[in-house]
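# Observations on chain architecture
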Amino acid sequence: MVTSLHMPRLVIAAPSSGSGKTTVATGLMAAFAGRGLAVSPHKAGPDYIDPGYHALATGRPGRNLDAFMCGPELVAPLFAHGAAGCDLALVEGVMGLYDGAAGRGELASTAQVAKLLRAPVVLVVDASSQSRSVAALVHGFASFDPRVRLGGVILNKVGSDRHEVMLREALEEAGMPVLGVLRRAPQVAAPSRHLGLVPVAERRADALAAVAALADQVRAGCDLEALMALARTAPPLECEAWSPEGGRSPAAPPAAGLEPPTAGRRPVVAVAGGAAFTFSYAEHAELLSAAGADVVTFDPLRDEALPEGTTGLVIGGGFPEVYAPELSANAPLRRAVADFAAAGGPVAAECAGLLYLARSLDGKPMCGVLDADARMSERLTLGYREAVAVSDSVLAAAGTRLRGHEFHRTVIEPGAGAAPAWGFTHPERRVEGFVRGGVHASYLHTHWAAQPSVARRLTEAAAARP
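With respect to the helices, strands and loops of the structure, Ala-358 is situated in the loop between helix H12 (352-357) and strand S16 (360-361). The exposure class of Ala-358 is buried, given its relative accessible area of 0%. Taking the C-alpha atoms as reference, Ala-358 lies 30 Å from Tyr-53; in sequence the two are 305 residues apart.

Now for the pattern of salt bridges. The tally for this structure, following the rule as stated, stands at 24 salt bridges. Between Glu-386 and Arg-104 there is a salt bridge; the shortest N-O distance is 2.6 Å. Here Glu-386, found in strand S18 (residues 372-389), pairs with Arg-104, found in the loop between strand S5 (88-92) and helix H4 (110-117); they are 282 residues apart in sequence, far enough to count as distant. Residue classification places Glu-386 among the buried positions, given a relative accessible area of 19%. Arg-430 is the partner of Glu-428 in a salt bridge, and the nearest nitrogen-oxygen pair spans 3.4 Å. For Arg-430, a relative accessible area of 27% corresponds to the partly exposed category. Ionic contacts of the salt-bridge type, sharing partners, join the residues Glu-106, Lys-115, Asp-145 and Arg-147 into one network.

What follows deals with the sheet that holds strand S7 (residues 150-158). The parallel open sheet is built from seven strands, whose spatial order is S4-S3-S5-S2-S6-S7-S8. Edge strands, defined here as strands with exactly one partner in the open sheet, are strand S4 (63-65) and strand S8 (178-183). For this sheet the average axis-to-axis angle between neighbouring strands, irrespective of direction, equals 25°. As paired strands, strand S2 (residues 9-13) and S5 are joined by four bridges and run parallel to one another. By the bridge assignment, Arg-9 is partnered in S5 with Ala-89. The strands that helix H1 (residues 21-34) touches are S2, strand S3 (39-44), S5, strand S6 (121-126), S7 and S8; relative to S5, the one it contacts most, it runs at about 165°.

On to helix H8 (residues 224-231), then. Within the span of H8, buried status applies to Leu-224, Leu-227, Met-228, Leu-230 and Ala-231. Seen from one end, H8 has its buried residues packed into an arc of 160°, which puts them on one side.

In this section: the confidence of the model for the protein. Averaged over every residue, the pLDDT of the protein is 92; the share at 70 or more is 93%. The low-confidence segment residues 248-262, where pLDDT is below 50, has 34 contacts with residues more than four positions distant or belonging to other chains.

Take the packing of aromatic side chains next. In this description, an aromatic ring pair is defined by two values, namely the gap between the centres and the angle between the planes. Evaluation of the coordinates by the stated rule reveals seven aromatic pairs. Measuring from ring centre to ring centre gives 4.3 Å for Phe-68 and Tyr-384, while their planes differ by 25°; the resulting arrangement is stacked. A residue pair is termed long-range when its members are at least 10 positions apart, and Phe-68 in the loop between S4 and helix H3 (75-83) and Tyr-384 in strand S18 qualify at 316 residues. Summarising the burial analysis for this pair, Phe-68 and Tyr-384 share the class buried. Every member of this aromatic cluster is reached through a ring pair, and the members are Tyr-48, Phe-279, Tyr-281 and Phe-319.

Spatial strand order, S13-S12-S14-S15-S23-S22: six strands in an open sheet with mixed pairing. Pairing within the sheet leaves two strands with one partner each, and these edge strands are strand S13 (294-298) and strand S22 (434-436). Between one strand and the next, the sheet's axes are offset by a mean angle of 15°, whatever the strand orientation. Bridge analysis of S22 against strand S23 (residues 439-442) gives three bridges, and the strand direction is antiparallel. The residue of S23 that forms the bridge with Arg-436 is Val-439.

Axis separation between helix H2 (residues 50-58) and helix H7 (residues 204-221) bottoms out at 10 Å; the angle between their running directions is 65°. Considering the angle they form, H2 stands roughly perpendicular to H7. Classified by chirality, the crossing of H7 by H2 is right-handed. Contacts between H2 and H7 involve Tyr-53, Leu-56 and Ala-57 from the former and Arg-204, Ala-207, Leu-208 and Val-211 from the latter.

The next thing to look at is the pairing of strand S12 (residues 268-272). Counting buried positions over the five residues of S12 gives five, a clear majority of the element. Where burial is concerned, the two faces of S12 agree: the one with Val-268, Ala-270 and Ala-272 and the one with Val-269 and Val-271 are both buried. Judged from the five bridges that link them, S12 and S13 form a sheet pairing that is parallel. Counted as the bridge partner of Val-271 is Thr-297 from S13. Of the crossover connections in this fold, the one passing from S12 over helix H9 (residues 282-290) to the parallel S13 is right-handed.

Moving on to the nonpolar core. One finds Leu-28, Phe-79, Leu-117, Leu-155 and Leu-227 to be the most contacted residues of the largest nonpolar core, which totals 106 residues. Sort the elements by how many residues they give to this core and H1 lands first, with seven residues. The contacts of Leu-117, once residues within four sequence positions are left out, are Arg-9, Leu-65, Val-75, Ala-76, Phe-79, Val-91 and Leu-237. Membership of the second largest hydrophobic core comes to 37 residues, among which are Cys-351, Met-366, Leu-370 and Ala-441.

What counts as what
- Residues numbered from 1 in each chain as written.
- Predicted model: local features only at pLDDT ≥ 70, side-chain atom pairs only at ≥ 80, totals over all residues.
- Heavy atoms only, no water.
- Helix = DSSP H or I, 4+ residues; strand = E, 2+ residues; numbered from the N terminus.
- Buried < 20%, exposed > 50% of the residue type's maximum accessible area, 1.4 Å probe, protein only.
- Salt bridge = Lys/Arg side-chain N within 4 Å of Asp/Glu carboxyl O.
- Pairing = 2+ DSSP bridges.
- Axes fitted to C-alpha atoms, helices over the stretch in contact; angles between N-to-C directions.
- Contact = heavy atoms within 4.5 Å.
- Arc of directions from axis to C-beta.
- pLDDT = per-residue confidence, 0-100.
- Phe/Tyr/Trp six-rings, centres within 6.5 Å; stacked < 30°, edge-to-face > 60°.
- Parallel < 35°, antiparallel > 145°, perpendicular 65-115°, else oblique.
- Left-handed = near helix turned anticlockwise from the far one by under 90°.
- Right-handed = clockwise from strand over helix to strand, strands pointing away.
- Core = buried A, V, L, I, M, F, W, Y, C linked by side-chain atoms within 4.5 Å.

This is how it looks when you write it as structure tokens:
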């Protein structure tokens, strides 16, 4: 049912990556949450790591809004689902305000998400190397697309009181409100590695301290009252909230004949977690649960056995290359995973999960489910993909079409004995991944909200196990 959502909301954007979006967005979330508000955190695009910091700041799951993987029609419904019962919603953008899927215009850009949510935008500008020119920069972003409502600017990395005065004078001439000024503060910078920030699960104590420091910095430098007033100017959002029980993309109906188990025990679907496997969308566990599964998390770094009663296995993304020695040392769990797969158990593995199922990773023994060896590479593979399922699997029937995202610095050298999982149709044509028995393993990250039949199909396969 379509409803009118009256939700104060802001999109935190920037002219480019590296301007300080994550710093400001996370600090704002923590600062408003510290005032006793229920803050709904969101991230535009496919990023898994920033939502972990958002969750620390707000105490609520960080959720992604990806107009490429889920389709523009699901952005507002997924937002409404995540924001239900909250006082304020904050959306951190991706890359520069108008950057989106390569060659697809505004698709998957922060600007598109802002328009779909009818949300005012706050532009975070790295002012470290400019003064009056900031007005020209901001004017360009404000006028490029009149349908994007730029409501104010937060100046980041300001060097001195005099620098601040010059920046404010320039923006006053341009008629653009300054809603915050943040000085250079390296002590609150989060550490990063080859794929971005280090995930929260790998540095929880330090991350908590960093988020607290960000909140203090934002409280001192930003006008929270003015920001909240701007958020309240967002008009009602007319949409039907997405639901894991019945929500689905109109373009992606569920596979015929796949219904949630309605009788008997609920199948146990074990989901890999811990520091090595941190990449997961919140909606995946919700969809599995709605499909009839009991979702149980386990840590391949610490647990020596799969959760009791496991009949389905999900191993998502993360950084197994960082933890290859520890993962390899846990031989009991590697054997348990190999035995589960050999017995025909349904296994869904994405990216890091693919590497964990390989015979080896950087020379360290892994589970040996796949006749393949993986290693780190100098080449970054990155980008959105359009894919079609090449083989029938526990996730999708052959011919199923969906969109996903690749993001890795590893390569895998396959042997024989498995069919490919996906055929990529854009931006390049190639096959990728493995399907063998009940195993579906691939580099492709997907968002199951766009294809709920994936969760139902996996749950049905798990329910069929003895």
